[in-house]
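Working through the structure, step by step
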Amino acid sequence: MTQTDQRPDENSSATQAEIERLQQELSREHDRHLRALADFDNYRKRVQRERDSTAQAGKRQLVLALLDVMDDFARAFAYANTTPASILAGTHVIHQRLTDLLQAQGVVPYTSAGEPFDVTLHDAVDAIKTDRAPSGVVLDELRHGYRWGDEVLRPARVRVAQ
């Protein structure tokens, strides 16, 4: 066999080796590309979750401040018998608008009186010995509790039967 006869085989095997090397490099680059896409997608999702969480925290602070205003309305209504009817009617309208606004955001009050005491829903400020209710039952609310969707936004302040 002459040298010219060996060259096509050498060229063929060198070419085949080069093709295999390039295919492996292409496969590695493709894997890196897929990983980079997955990393970017995870980054995008994480940033969106953080953005949503920050927005929710800001809304939460505002809603809690509005709940204090709702408490002020409740205290004002307790002394409504000394207020002229026109002012009382206007105050009720403002209170209802605020209530509707909170409910549109998913913030709703819950009733505690007569319910069993639950540490996730209630903040007990007093325990009263009484025969009106069994021990561990909420007697009355000193401040309403509110839910925001499935979350307890603010627990109710209550007195509990002992």
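Residues numbered from 1 in each chain as written. Predicted model: local features only at pLDDT ≥ 70, side-chain atom pairs only at ≥ 80, totals over all residues. Heavy atoms only, no water.

Another point: the overall build of the chain. Looking only at helices and strands, the chain features 2 helices and 6 strands. From first element to last, N terminus to C terminus, the chain shows the α and β order α-α-β-β-β-β-β-β. For the chain, whose C-alpha radius of gyration is 35 Å, the value lies well above the compact-globule estimate of 15 Å for 162 residues. Counting across all 162 residues of the chain, residues that qualify as buried make up 19%. In the chain, of all internal contacts separated by at least 6 residues, the share reaching a separation of at least 24 is 61%. The chain carries 21 positive and 25 negative side-chain charges, and their two centres are separated by 6 Å. (Helix = DSSP H or I, 4+ residues; strand = E, 2+ residues; numbered from the N terminus. Rg over C-alpha atoms; globule rule 2.2 N^0.38 Å. Buried < 20%, exposed > 50% of the residue type's maximum accessible area, 1.4 Å probe, protein only. Contact = heavy atoms within 4.5 Å. Lys, Arg positive; Asp, Glu negative; His and termini not counted. Charge placed at Lys NZ, Arg CZ, Asp CG, Glu CD.)

All right, on to the pattern of salt bridges then. By the definition in use, this model includes 12 salt bridges. When the shortest N-O distance is used, the salt bridge between Arg 46 and Glu 50 registers 3.8 Å. In this pair, Arg 46 and Glu 50 are both assigned in helix α1 (residues 3–78), 4 residues apart and thus about one turn of the helix distant. Residue classification places Arg 46 among the partly exposed residues on the basis of a relative accessible area of 39%. Look at Glu 50 and you get partly exposed, because its relative accessible area is 45%. Arg 154 serves as the salt-bridge partner of Asp 68, at 3.8 Å between the closest nitrogen and oxygen. Note that Asp 68 is positioned in helix α1 and Arg 154 in strand β5 (residues 151–154), a separation of 86 residues in sequence. Relative accessible area serves as the criterion here: at 42%, Asp 68 is assigned to the partly exposed category. The class of Arg 154 is buried, set by a relative accessible area of 5%. Salt bridges sharing common partners tie together Glu 18, Arg 21 and Glu 25. (Salt bridge = Lys/Arg side-chain N within 4 Å of Asp/Glu carboxyl O.)

The next point concerns the sheet that holds β5. Sheets are built from strands paired through backbone hydrogen bonds, the pairs being either parallel or antiparallel. Pairing is antiparallel in the open sheet, where 3 strands are placed in the order β1-β4-β5. What marks the edges here is a single partner per strand, and that holds for β1 (107–110) and β5. When the angles between neighbouring strand axes are averaged without regard to direction, this sheet yields 40°. Sheet topology places β1 next to strand β4 (residues 145–148); 4 bridges connect them, and they run antiparallel. From the neighbouring strand, Val 108 faces β4, where its bridge partner is Arg 147. (Pairing = 2+ DSSP bridges. Axes fitted to C-alpha atoms, helices over the stretch in contact; angles between N-to-C directions.)

The next subject is the sheet that holds strand β3 (residues 138–143). Strand order in the open sheet formed by 3 strands is β2-β6-β3, with mixed pairing between adjacent strands. The outermost strands of the open sheet, each flanked by one partner alone, are β2 (122–128) and β3. Neighbouring strand axes in the sheet, compared pairwise and without regard to direction, differ in orientation by 30° on average. Pairing geometry for β2 and strand β6 (residues 156–161), over 6 bridges, is parallel. By the bridge assignment for β6, Ala 127 is matched with Val 160.

Here we take up the packing of aromatic side chains. The full count for this structure, using the stated rule, is 2 aromatic pairs. On the numbers, 6.4 Å between centres and 35° between planes, the contact of Phe 40 with Tyr 43 is tilted. Here Phe 40 and its partner Tyr 43 are both found in helix α1, 3 residues apart, which amounts to about one turn of the helix. Relative accessible area serves as the criterion here: at 43%, Tyr 43 is assigned to the partly exposed category. Stacked on the ring of Tyr 110, the Lys or Arg Arg 147 has its end atom at 5.3 Å from the ring centre. (Phe/Tyr/Trp six-rings, centres within 6.5 Å; stacked < 30°, edge-to-face > 60°. Lys NZ or Arg CZ within 6 Å of the ring centre and 35° of its normal.)

What is shown is where atoms sit, not what they do.
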